[in-house]
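Here's the letter readout for the chains.
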Amino acid sequence: PLVLGGIKIPFSRGLDGWTDGDVVLHAVIDALCGAAGLGDIGTVFPPGDEGLRGISSLVLLERTLALVRARGLDVVNIDVTVVTEEPRLAPHVAAMRRAMARPPELPAECISIKAKTNEHMGFIGRGEGIAAFAVVLLDEPGKGC
């Protein structure tokens, strides 16, 4: 299945991965880890860890948010750009935002997801993969969205 932003997207192909392959949430987790000084997703969730095989990236997001909070930080906002020729993601953006939201500390209105194409260039343009880029803003508790 194709899982992006924590939801299953109806499509004929999915992404390969040790977990559920959710490239959107993996980019968000990487950004959270980097901003909190935790390293990267592979440092926090080592590749090949049998306990993570097939795990939902929403679970990994929850665990990452707990690590961020343990550092005395709150998420102010999350901004994600997803690059794919297909499927069209615009109809799924609201559902992805709701899936990623973790009220009360991370409401959906603090999450931005933008879908772009690669104008048929490179491996993304040929439909061989999907890329996602995320930026997060962290601050002291109580100053979030």
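Reading the values: rules and limits
- Residues numbered from 1 in each chain as written.
- Predicted model: local features only at pLDDT ≥ 70, side-chain atom pairs only at ≥ 80, totals over all residues.
- Heavy atoms only, no water.
- Helix = DSSP H or I, 4+ residues; strand = E, 2+ residues; numbered from the N terminus.
- Expected span 1.5 Å × (residues − 1).
- Buried < 20%, exposed > 50% of the residue type's maximum accessible area, 1.4 Å probe, protein only.
- Arc of directions from axis to C-beta.
- Contact = heavy atoms within 4.5 Å.
- Core = buried A, V, L, I, M, F, W, Y, C linked by side-chain atoms within 4.5 Å.
- Salt bridge = Lys/Arg side-chain N within 4 Å of Asp/Glu carboxyl O.
- Pairing = 2+ DSSP bridges.
- Axes fitted to C-alpha atoms, helices over the stretch in contact; angles between N-to-C directions.
- Lys, Arg positive; Asp, Glu negative; His and termini not counted.

A. Structural detail: helix H3 (residues 57–70). Taking 1.5 Å per residue as the helical rise, H3 with its 14 residues ought to reach 20 Å, and the 20 Å between its terminal C-alpha atoms agrees with that figure. Those residues of H3 that fall on the buried side of the exposure criterion are Ser-57, Leu-58, Leu-60, Leu-61, Thr-64, Leu-65 and Val-68. Along H3, the residues classed as buried sweep out an arc of 150 degrees about the axis, all on the same side. In this fold, the buried residues of H3 make contact with helix H1 (23–35), strand E3 (74–83), helix H4 (93–100) and strand E5 (131–139). Where H3 ends, the next residue or the one after it, Gly-72, has phi of about 80 degrees, a positive value.

B. Geometry of the nonpolar core. Judged by nonpolar contacts, the single largest core of 44 residues is most densely connected at Leu-4 and Leu-32. Of all the secondary structure elements, the ones that give two or more residues to this core are strand E1 (2–4), strand E2 (7–9), H1, H3, E3, H4, strand E4 (111–116) and E5. Looking at which element gives the most residues to this core, the answer is H1, with 9 residues. If we ignore the near neighbours within four places in the chain, the residues touching Leu-32 are Leu-61, Thr-64, Leu-65, Val-68, Val-75, Val-136 and Leu-138.

C. Molecular detail of the pattern of salt bridges. Taken as a whole and judged by the stated rule, the model has 5 salt bridges. Among the ionic pairs, Arg-53 bridges to Glu-50, the shortest N-O distance being 2.9 Å. Since its relative accessible area comes to 53%, Glu-50 is described here as exposed. Arg-102 is paired through a salt bridge with Glu-62; the nearest N and O atoms lie 2.2 Å apart. In this pair, Arg-102 is assigned in the loop between H4 and E4 and Glu-62 in helix H3, connecting sequence segments 40 residues apart. With relative accessibility at 35%, the residue Glu-62 sits in the partly exposed group.

D. Quick peek at the environment of Ile-29. For Ile-29, the position within the fold is in helix H1. Ile-29 sits 28 residues away from Ser-57 along the chain, and the two C-alpha atoms are 8.9 Å apart. Beyond its immediate stretch of four places on either side in the chain, Ile-29 contacts Ile-41, Phe-45, Ser-57, Leu-60, Leu-61 and Thr-64.

E. Broad picture of the sheet that holds E5. Here 3 strands make up an open sheet; going across it, the order is E4-E3-E5 and the pairing mixed. Two strands lie at the open edges of the sheet, namely E4 and E5, each paired on one side alone. Going across the sheet, the axis of each strand differs from the next one's by a mean of 10 degrees, ignoring polarity. Where H1 meets the sheet, it contacts E3 and E5, and its direction lies at approximately 35 degrees from that of E5. Across the sheet, H4 lies against E3 and E4, angled at about 145 degrees from E4, the strand it touches most.

F. Seen up close, the side chain of Asp-74. On the secondary structure map, Asp-74 appears in strand E3. Summary of buried charges: Asp-74 has no salt-bridge partner, and the nearest side chain of opposite charge, Arg-69, is 6.1 Å away. The contact partners of Asp-74, leaving out residues within four places of it in the chain, are Arg-69, Leu-137, Leu-138, Asp-139, Glu-140, Pro-141 and Gly-142.

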